[in-house]
Amino acid sequence: MADRRPMIAGNWKMHMTTGDAVTFLEGVAAGVNEDTGGEVVICTPYTALSTVAADIEKKNLKIGLGAQNMHWEETGAFTGEISPLMLVDLGLEFVIVGHSERRQLFGETNETVNKKLKAALDHGLKPIFCVGETLSQREAGQTTEVIAAQIKEGLEGIGGDLSERLVIAYEPIWAIGTGKVAEPEDANDVIRHIRALVGSLFGVDTAQKLRIIYGGSVKPDNVAKIMAEPEIDGALVGGACLKPDSFLKLVNY
Ligand code: PEP
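These notes cover the structure that comes with them. (Residues numbered from 1 in each chain as written. Predicted model: local features only at pLDDT ≥ 70, side-chain atom pairs only at ≥ 80, totals over all residues. Heavy atoms only, no water.)

### Let's talk about the overall build of the protein
Convention followed: The numbering of helices and of strands both runs from the N terminus, where a helix is a DSSP run of H or I of at least 4 residues and a strand a run of E of at least 2. Atoms counted for the radius of gyration: C-alpha only. Globule rule: 2.2 Å times the number of residues to the power 0.38. Relative accessible area decides the class of each residue, using a 1.4 Å probe on protein chains only: under 20% of the type maximum gives buried, over 50% gives exposed, and in between gives partly exposed. The contact definition used throughout considers only heavy atoms, calling two residues in contact when any of these lie within 4.5 Å. Under the convention used here, a 1.4 Å probe and the Shrake-Rupley method define accessible areas, while residue burial counts only the protein chains that appear. Charged residues are defined here as Lys and Arg on the positive side and Asp and Glu on the negative side; His and the ends of the chain fall outside this count. A charge is said to be at NZ when it belongs to Lys, at CZ for Arg, at CG for Asp and at CD for Glu.
A tally of helices and strands in the protein yields eleven helices and eight strands. A compact globule built from 253 residues should have a C-alpha radius of gyration of about 18 Å, and the protein, at 17 Å, falls within 12% of that. Buried positions account for 53% of the 253 residues belonging to the protein. Taking the contacts inside the protein whose residues are at least 6 apart along the sequence as the reference set, 73% of them involve residues at least 24 apart. With an accessible surface of roughly 11300 Å², the protein has 51% of that area assigned to carbon and sulfur atoms. Charge separation in the protein, taken as the distance between the mean sites of 24 positive and 35 negative side-chain charges, equals 1 Å.

### Remarks on empty space enclosed by the protein
Stated formally: Only protein atoms enter the 1 Å grid used here, on which a cavity is any set of points holding a 1.4 Å probe that cannot leave and a pocket is any open set flanked by protein within 12 Å on both sides along at least five of seven lines; residues with an atom within 4 Å of a point are listed as lining. Grid points are joined across faces, edges and corners, and a volume is the space filled by probe spheres set on the points. All residues other than Ala, Val, Leu, Ile, Met, Phe, Trp, Tyr, Cys, Pro, Asp, Glu, Lys and Arg, Gly among them, are scored as polar; the first ten of these are nonpolar and the last four charged.
For the structure on display, the rule yields one cavity of 30 Å³ or more. The calculated volume of the largest cavity comes to roughly 30 Å³. Around the largest cavity sit P6, M7, I8, T36, G38, E39, V40, V251 and Y253, which together line it. Of all the elements in the fold, those that place two or more residues in the lining of the largest cavity are β1 (7–11) and β2 (39–43). Of the residues in the lining of the largest cavity, the class split is six nonpolar, two polar and one charged.

### Overview of helix α11 (residues 244–251)
Buried residues of α11: S246, F247, L248, L250 and V251, and no others. Contact partners of the buried residues in α11: β1, α1 (18–32), β2, α10 (223–227) and β8 (234–237).

### A few points about the sheet that holds β2
Strands in a sheet are paired, the pairing made by backbone hydrogen bonds, and the direction either parallel or antiparallel. Selection criterion: What makes two strands pair is DSSP finding at least two bridges between them. Helix axes are fitted only over the stretch in contact, all axes being lines through C-alpha atoms; the angle between N-to-C directions runs from 0 to 180 degrees.
Spatially, β1-β2-β3-β4-β5-β6-β7-β8 is the arrangement adopted by the eight strands of the closed barrel, whose pairing is parallel. In this sheet, adjacent strand axes meet at a mean angle of 25° when their direction is disregarded. With four bridges connecting them, β1 and β8 associate as parallel partners. Note on β8: the bridge partner recorded for A9 is L236.

### Brief notes about the site of the ligand
Here is the rule we go by: The near set for a molecule or strand comprises every residue that places at least one heavy atom within 4 Å of it. Here a polar contact is recorded for every N or O atom pair within 3.5 Å, except that within protein the pair must consist of a potential hydrogen donor and a potential acceptor, and residues adjacent in sequence are included only if both atoms are side-chain atoms.
Contacts to the ligand come from 14 residues, most closely from K13, E171, G177, S217 and G238. A distance of 2.7 Å separates an oxygen atom of the ligand from a polar atom in the side chain of E171. One of the backbone N or O atoms of G239 is found 2.9 Å from an oxygen atom in the ligand. Within the complex, the protein chains bury 96% of what would otherwise be the 290 Å² of accessible surface of the ligand.

### Re the pattern of salt bridges
Heads up, the rule is: Salt bridge, as used here, is a side-chain nitrogen of Lys or Arg placed within 4 Å of a carboxyl oxygen of Asp or Glu.
Per the counting criterion, the structure on display carries 14 salt bridges. A salt bridge links D233 to R195, with the nearest nitrogen and oxygen atoms 2.9 Å apart. Placement of the pair is D233 in the loop between α10 and β8 and R195 in helix α8 (residues 184–202), with a sequence separation of 38 residues. Just as D233 is buried, R195 falls in that class too.

### Some details on the pairing of β2
Rules: Seen with its strands pointing away from the viewer, a crossover is right-handed when the path leading from the first strand over the helix to the second is clockwise.
When you tally the buried positions in β2, you get five out of five residues, the bulk of the element. Residues E39, V41 and C43 of β2 are buried on one face, and the alternating residues V40 and I42, pointing to the opposite face, are buried as well. Handedness of the crossover joining β1 and β2 through α1 is recorded here as right-handed. Where β2 and strand β3 (residues 64–67) come together, three bridges link them in parallel fashion. Paired with V41 across the two strands is G64, which belongs to β3. Regarding topology, helix α2 (residues 46–59) serves as the crossover connection from β2 to the parallel β3, and that connection is right-handed.

In short, geometric facts, not functional conclusions.
This is the structure we're talking about:
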(Lines give C-alpha, C1' and ligand atoms only; values in the text may rest on other atoms or scores of the structure.)
Protein backbone atom coordinates (compact mmCIF):
# COMPACT_ATOMS: atom_id res chain seq x y z
CA MET A 1 0.00 0.00 0.00
CA ALA A 2 1.40 3.39 -0.99
CA ASP A 3 2.26 5.91 1.70
CA ARG A 4 -0.20 8.71 1.25
CA ARG A 5 0.46 11.94 3.11
CA PRO A 6 -2.61 12.89 5.19
CA MET A 7 -4.21 16.22 4.38
CA ILE A 8 -6.40 18.46 6.52
CA ALA A 9 -7.92 21.17 4.34
CA GLY A 10 -10.12 23.98 5.64
CA ASN A 11 -12.79 25.47 3.41
CA TRP A 12 -13.62 28.91 4.77
CA LYS A 13 -16.59 29.28 2.39
CA MET A 14 -17.96 32.84 2.51
CA HIS A 15 -16.47 33.68 5.90
CA MET A 16 -13.66 35.98 7.10
CA THR A 17 -12.68 39.50 6.18
CA THR A 18 -8.97 40.17 5.68
CA GLY A 19 -8.79 41.34 9.31
CA ASP A 20 -10.44 38.11 10.53
CA ALA A 21 -8.00 36.13 8.39
CA VAL A 22 -4.94 37.79 9.97
CA THR A 23 -6.36 37.23 13.47
CA PHE A 24 -6.97 33.57 12.57
CA LEU A 25 -3.38 33.12 11.38
CA GLU A 26 -2.08 34.70 14.59
CA GLY A 27 -4.19 32.21 16.50
CA VAL A 28 -2.84 29.16 14.69
CA ALA A 29 0.77 30.25 14.23
CA ALA A 30 2.05 28.66 17.43
CA GLY A 31 0.49 25.25 16.71
CA VAL A 32 0.35 24.75 12.99
CA ASN A 33 4.02 24.08 12.35
CA GLU A 34 4.20 21.01 14.60
CA ASP A 35 5.46 18.18 12.48
CA THR A 36 2.56 15.75 12.23
CA GLY A 37 3.70 14.39 8.88
CA GLY A 38 0.51 15.76 7.37
CA GLU A 39 -0.28 18.57 4.98
CA VAL A 40 -2.37 21.54 6.08
CA VAL A 41 -4.30 23.64 3.57
CA ILE A 42 -6.74 26.52 3.82
CA CYS A 43 -9.02 27.65 1.02
CA THR A 44 -10.08 31.21 1.68
CA PRO A 45 -12.41 33.63 -0.12
CA TYR A 46 -10.70 35.36 -3.07
CA THR A 47 -10.64 38.65 -1.17
CA ALA A 48 -8.44 37.23 1.59
CA LEU A 49 -5.99 35.30 -0.61
CA SER A 50 -3.31 37.98 -1.06
CA THR A 51 -3.31 38.95 2.59
CA VAL A 52 -3.23 35.33 3.72
CA ALA A 53 -0.47 34.43 1.23
CA ALA A 54 1.69 37.32 2.50
CA ASP A 55 1.02 36.48 6.14
CA ILE A 56 1.80 32.77 5.67
CA GLU A 57 5.13 33.79 4.16
CA LYS A 58 5.87 36.41 6.82
CA LYS A 59 5.09 34.02 9.68
CA ASN A 60 6.75 31.10 7.87
CA LEU A 61 3.72 28.87 8.39
CA LYS A 62 3.47 25.38 6.92
CA ILE A 63 0.07 26.02 5.37
CA GLY A 64 -0.79 25.46 1.72
CA LEU A 65 -3.19 27.96 0.23
CA GLY A 66 -6.09 27.45 -2.13
CA ALA A 67 -9.10 29.13 -3.70
CA GLN A 68 -12.62 27.72 -3.52
CA ASN A 69 -13.51 27.97 -7.20
CA MET A 70 -12.31 29.36 -10.51
CA HIS A 71 -13.41 29.84 -14.11
CA TRP A 72 -11.79 27.70 -16.79
CA GLU A 73 -10.84 30.52 -19.19
CA GLU A 74 -7.65 32.54 -18.71
CA THR A 75 -9.14 35.93 -19.53
CA GLY A 76 -12.30 37.32 -21.10
CA ALA A 77 -15.71 38.86 -20.69
CA PHE A 78 -16.79 36.84 -17.66
CA THR A 79 -17.87 39.47 -15.17
CA GLY A 80 -17.31 38.43 -11.60
CA GLU A 81 -15.18 35.40 -12.42
CA ILE A 82 -11.58 34.61 -11.46
CA SER A 83 -9.26 32.73 -13.81
CA PRO A 84 -6.58 30.10 -13.23
CA LEU A 85 -3.95 32.63 -14.35
CA MET A 86 -5.04 34.94 -11.55
CA LEU A 87 -4.74 32.18 -8.97
CA VAL A 88 -1.30 31.20 -10.25
CA ASP A 89 -0.34 34.89 -10.11
CA LEU A 90 -1.03 34.81 -6.35
CA GLY A 91 1.23 31.78 -5.96
CA LEU A 92 -1.60 29.43 -4.97
CA GLU A 93 -1.13 25.70 -4.94
CA PHE A 94 -4.72 24.44 -4.61
CA VAL A 95 -8.23 25.13 -5.85
CA ILE A 96 -11.46 23.43 -4.79
CA VAL A 97 -13.41 22.34 -7.86
CA GLY A 98 -17.01 21.08 -7.95
CA HIS A 99 -17.92 21.71 -4.32
CA SER A 100 -21.52 20.60 -3.77
CA GLU A 101 -22.54 24.18 -2.90
CA ARG A 102 -21.26 25.26 -6.34
CA ARG A 103 -23.12 22.38 -7.96
CA GLN A 104 -26.37 22.93 -6.05
CA LEU A 105 -26.52 26.72 -5.73
CA PHE A 106 -24.62 27.89 -8.80
CA GLY A 107 -25.54 25.33 -11.43
CA GLU A 108 -22.18 23.62 -11.86
CA THR A 109 -22.38 20.37 -13.79
CA ASN A 110 -19.98 17.51 -14.40
CA GLU A 111 -19.23 19.22 -17.71
CA THR A 112 -18.24 22.59 -16.22
CA VAL A 113 -16.37 20.80 -13.45
CA ASN A 114 -14.44 18.94 -16.17
CA LYS A 115 -13.46 22.23 -17.84
CA LYS A 116 -12.31 23.63 -14.51
CA LEU A 117 -10.30 20.52 -13.65
CA LYS A 118 -8.57 20.59 -17.03
CA ALA A 119 -7.78 24.29 -16.71
CA ALA A 120 -6.52 23.97 -13.14
CA LEU A 121 -4.23 21.05 -14.02
CA ASP A 122 -2.98 22.80 -17.17
CA HIS A 123 -1.95 25.76 -15.01
CA GLY A 124 -0.18 23.62 -12.43
CA LEU A 125 -2.83 24.12 -9.75
CA LYS A 126 -3.79 21.10 -7.66
CA PRO A 127 -7.55 20.68 -7.71
CA ILE A 128 -9.40 19.35 -4.69
CA PHE A 129 -12.13 17.70 -6.74
CA CYS A 130 -15.37 17.26 -4.77
CA VAL A 131 -17.85 14.47 -5.40
CA GLY A 132 -20.78 13.17 -3.38
CA GLU A 133 -24.36 12.02 -3.39
CA THR A 134 -27.55 13.64 -2.09
CA LEU A 135 -29.61 12.00 0.63
CA SER A 136 -32.28 10.86 -1.85
CA GLN A 137 -29.64 9.37 -4.13
CA ARG A 138 -28.17 7.54 -1.17
CA GLU A 139 -31.55 6.26 -0.06
CA ALA A 140 -32.26 5.07 -3.61
CA GLY A 141 -29.02 3.06 -3.53
CA GLN A 142 -27.42 5.25 -6.21
CA THR A 143 -24.32 6.43 -4.32
CA THR A 144 -21.76 4.44 -6.30
CA GLU A 145 -23.35 5.19 -9.65
CA VAL A 146 -23.67 8.96 -8.99
CA ILE A 147 -20.09 9.26 -7.82
CA ALA A 148 -18.80 7.15 -10.71
CA ALA A 149 -20.51 9.53 -13.16
CA GLN A 150 -19.07 12.57 -11.36
CA ILE A 151 -15.59 11.10 -11.53
CA LYS A 152 -15.72 9.76 -15.09
CA GLU A 153 -17.29 12.92 -16.52
CA GLY A 154 -15.23 15.22 -14.30
CA LEU A 155 -11.96 13.63 -15.37
CA GLU A 156 -12.95 13.01 -19.01
CA GLY A 157 -10.06 13.69 -21.39
CA ILE A 158 -7.56 14.18 -18.56
CA GLY A 159 -4.45 12.05 -18.67
CA GLY A 160 -0.99 11.70 -17.20
CA ASP A 161 -0.05 10.74 -13.68
CA LEU A 162 -2.57 12.52 -11.48
CA SER A 163 -1.40 11.09 -8.19
CA GLU A 164 0.56 14.15 -7.03
CA ARG A 165 -1.54 16.71 -8.91
CA LEU A 166 -5.07 15.95 -7.77
CA VAL A 167 -6.93 15.28 -4.54
CA ILE A 168 -10.45 13.83 -4.58
CA ALA A 169 -12.78 14.83 -1.75
CA TYR A 170 -15.72 12.52 -1.06
CA GLU A 171 -18.34 14.76 0.47
CA PRO A 172 -21.81 13.23 0.91
CA ILE A 173 -24.06 16.26 0.47
CA TRP A 174 -26.35 15.26 3.33
CA ALA A 175 -23.36 15.48 5.69
CA ILE A 176 -22.15 18.95 4.74
CA GLY A 177 -22.90 21.61 7.32
CA THR A 178 -25.64 19.42 8.83
CA GLY A 179 -23.82 17.89 11.78
CA LYS A 180 -24.60 14.43 10.29
CA VAL A 181 -21.34 12.62 9.73
CA ALA A 182 -21.11 9.58 7.51
CA GLU A 183 -20.18 6.50 9.51
CA PRO A 184 -16.40 6.31 9.10
CA GLU A 185 -16.71 2.70 7.84
CA ASP A 186 -19.27 3.77 5.21
CA ALA A 187 -17.14 6.68 4.05
CA ASN A 188 -14.19 4.30 3.91
CA ASP A 189 -16.21 1.91 1.72
CA VAL A 190 -17.22 4.65 -0.71
CA ILE A 191 -13.63 5.84 -0.90
CA ARG A 192 -12.49 2.28 -1.59
CA HIS A 193 -14.92 2.24 -4.53
CA ILE A 194 -13.59 5.59 -5.73
CA ARG A 195 -10.02 4.28 -5.56
CA ALA A 196 -10.99 1.18 -7.54
CA LEU A 197 -12.63 3.37 -10.17
CA VAL A 198 -9.57 5.63 -10.35
CA GLY A 199 -7.51 2.46 -10.74
CA SER A 200 -9.60 1.30 -13.69
CA LEU A 201 -9.33 4.73 -15.34
CA PHE A 202 -5.74 5.73 -14.56
CA GLY A 203 -3.99 2.58 -13.36
CA VAL A 204 -3.57 0.93 -9.98
CA ASP A 205 -0.33 2.76 -9.20
CA THR A 206 -1.96 6.18 -9.57
CA ALA A 207 -4.97 5.03 -7.54
CA GLN A 208 -2.78 3.80 -4.71
CA LYS A 209 -0.88 7.08 -4.53
CA LEU A 210 -3.79 9.47 -5.05
CA ARG A 211 -5.17 11.08 -1.92
CA ILE A 212 -8.91 10.71 -1.38
CA ILE A 213 -10.20 12.69 1.57
CA TYR A 214 -13.57 12.87 3.34
CA GLY A 215 -15.69 15.94 4.04
CA GLY A 216 -18.95 16.43 5.89
CA SER A 217 -19.30 17.68 9.47
CA VAL A 218 -15.75 16.72 10.47
CA LYS A 219 -15.03 18.14 13.93
CA PRO A 220 -12.29 17.87 16.55
CA ASP A 221 -14.20 15.11 18.34
CA ASN A 222 -14.67 12.83 15.31
CA VAL A 223 -11.59 13.55 13.20
CA ALA A 224 -9.38 10.85 14.74
CA LYS A 225 -11.95 8.13 14.08
CA ILE A 226 -12.34 9.24 10.49
CA MET A 227 -8.61 9.48 9.93
CA ALA A 228 -8.12 5.99 11.38
CA GLU A 229 -9.90 4.46 8.38
CA PRO A 230 -7.34 3.01 5.97
CA GLU A 231 -8.76 4.46 2.73
CA ILE A 232 -9.41 7.95 4.11
CA ASP A 233 -6.40 10.17 3.52
CA GLY A 234 -7.61 13.38 5.04
CA ALA A 235 -10.49 15.73 5.69
CA LEU A 236 -12.03 18.72 3.98
CA VAL A 237 -13.56 20.77 6.76
CA GLY A 238 -15.99 23.68 6.62
CA GLY A 239 -17.58 24.96 9.83
CA ALA A 240 -15.05 23.50 12.26
CA CYS A 241 -12.04 25.09 10.56
CA LEU A 242 -12.96 28.71 11.26
CA LYS A 243 -11.77 29.05 14.86
CA PRO A 244 -8.05 28.69 15.62
CA ASP A 245 -8.45 26.29 18.55
CA SER A 246 -10.78 23.98 16.63
CA PHE A 247 -8.58 24.14 13.51
CA LEU A 248 -5.48 23.24 15.54
CA LYS A 249 -7.28 20.27 17.11
CA LEU A 250 -8.19 19.06 13.63
CA VAL A 251 -4.69 19.51 12.28
CA ASN A 252 -3.09 17.83 15.27
CA TYR A 253 -5.67 15.03 15.53
C1 PEP B 1 -17.27 21.62 3.23
O2 PEP B 1 -17.54 22.80 3.13
O3 PEP B 1 -16.64 21.07 2.33
C4 PEP B 1 -17.70 20.88 4.42
C5 PEP B 1 -17.42 19.62 4.52
O6 PEP B 1 -18.39 21.60 5.37
P7 PEP B 1 -18.73 21.12 6.90
O8 PEP B 1 -17.42 20.62 7.48
O9 PEP B 1 -19.21 22.37 7.58
O10 PEP B 1 -19.74 20.05 6.81
